[in-house]
Amino acid sequence: MSRTPQEVFADHSDRLGTGDLDLISQNYTEDAVFLTPEGTLTGREGARRGISALLADLPDADWQLTPQFAGDVLFLQWRALTDTHEVTDGVDTFVFRDGLISAQTVHYTLTPRTTRTV
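So, how was this worked out
Residues numbered from 1 in each chain as written. Predicted model: local features only at pLDDT ≥ 70, side-chain atom pairs only at ≥ 80, totals over all residues. Heavy atoms only, no water. UniProt positions renumbered as here; feature names shortened; annotations may be inferred. Helix = DSSP H or I, 4+ residues; strand = E, 2+ residues; numbered from the N terminus. Core = buried A, V, L, I, M, F, W, Y, C linked by side-chain atoms within 4.5 Å. Buried < 20%, exposed > 50% of the residue type's maximum accessible area, 1.4 Å probe, protein only. Contact = heavy atoms within 4.5 Å. Phe/Tyr/Trp six-rings, centres within 6.5 Å; stacked < 30°, edge-to-face > 60°.

Asker: What is the right way to read the UniProt feature "domain: SnoaL-like" (unreviewed entry) in the protein from this model?
Answerer: This chain's UniProt record puts "domain: SnoaL-like" (unreviewed entry) on residues 12–102. Helix makes up 30% of residues 12–102 and strand makes up 52%, while its end C-alpha atoms are separated by 13 Å.

Laid out in structure tokens, this is it:
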């Protein structure tokens with residue numbers, strides 16, 4: 001049974017919450033393309049490595065997501081905060097095929113949070 005992009009994304013978000021990279025990577029096609037600022041990763045293993053790097057950058061983050069669907073494409077704006085870092089310009093684009101993610105482009109800038117004493 002084929003899932004809608006909305007169903008895939010909801011499942012993907014739930015799996016990200018587990019931190020289980022094997023489980024997360026199952027939402028990607030075998031020939032998925034994962035584009036990151038550091039380069040292009042391919043297949044489920046590439047997606048697994050890309051997501052691992054993202055989760056390592058933002059452990060225990062508080063995520064704020066704004067998804068916008070257009071057919072089989074999702075444009076996702078996001079922010080994330082940790083005790084020490086923040087992302088204010090996170091942008092992902094997902095392309096869905098046959099109930100899985102066939103392509104993802106990830107862009108974000110990680111900046112240290114500053115502490116201010118008033």
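Asker: Teacher, can you tell me more about the nonpolar core here?
Answerer: When a protein is soluble and globular, its nonpolar side chains tend to lie buried together. Within the largest apolar cluster, 23 residues are counted, with the highest numbers of intra-cluster contacts made by Y28, F34, L58, W78, F94 and F96. Within the residue set of this core, elements represented by two or more residues are α1 (5–18), α2 (21–25), β1 (28–36), α3 (43–57), β4 (73–81), β5 (85–97) and β6 (100–107). In terms of residue count, β4 provides more of this core than any other element does, 4 residues in total. Excluding its chain neighbours within four sequence positions, the residues that come into contact with Y28 are H12, F34, R44, A47, I51, F94, L100, I101 and Q104.

Asker: Before we go on, may I ask you to explain the environment of H85 in this structure?
Answerer: Looking at where H85 falls in the secondary structure, it is placed in strand β5. A relative accessible area of 25% places H85 in the partly exposed class. Through-space distance from the C-alpha of H85 to that of V73 is 29 Å; in sequence the pair is 12 residues apart. Excluding anything up to four places from it in sequence, H85 contacts A80, L110, T111, P112 and R113.

Asker: In this structure, what is going on with the environment of S2? I would like to understand it.
Answerer: Within the element layout of this structure, S2 appears in the segment before α1. A relative accessible area of 53% places S2 in the exposed class. Each C-alpha atom, one on S2 and one on G71, is 14 Å from the other, the two residues being 69 residues apart in sequence. Excluding residues that lie within four positions of it along the chain, S2 makes contacts with D98 and G99.

Asker: Looking at this structure, how should I read the packing of aromatic side chains?
Answerer: For any pair of aromatic rings, the description rests on two quantities: the centre-to-centre distance and the angle between the ring planes. According to the stated counting rule, one finds 6 aromatic pairs in the structure shown. For the pair Y28 and F34, a centre-to-centre distance of 6.2 Å together with 65° between the ring planes defines the contact as edge-to-face. In this structure an aromatic cluster arises from ring pairing among F9, F69, F94 and F96.

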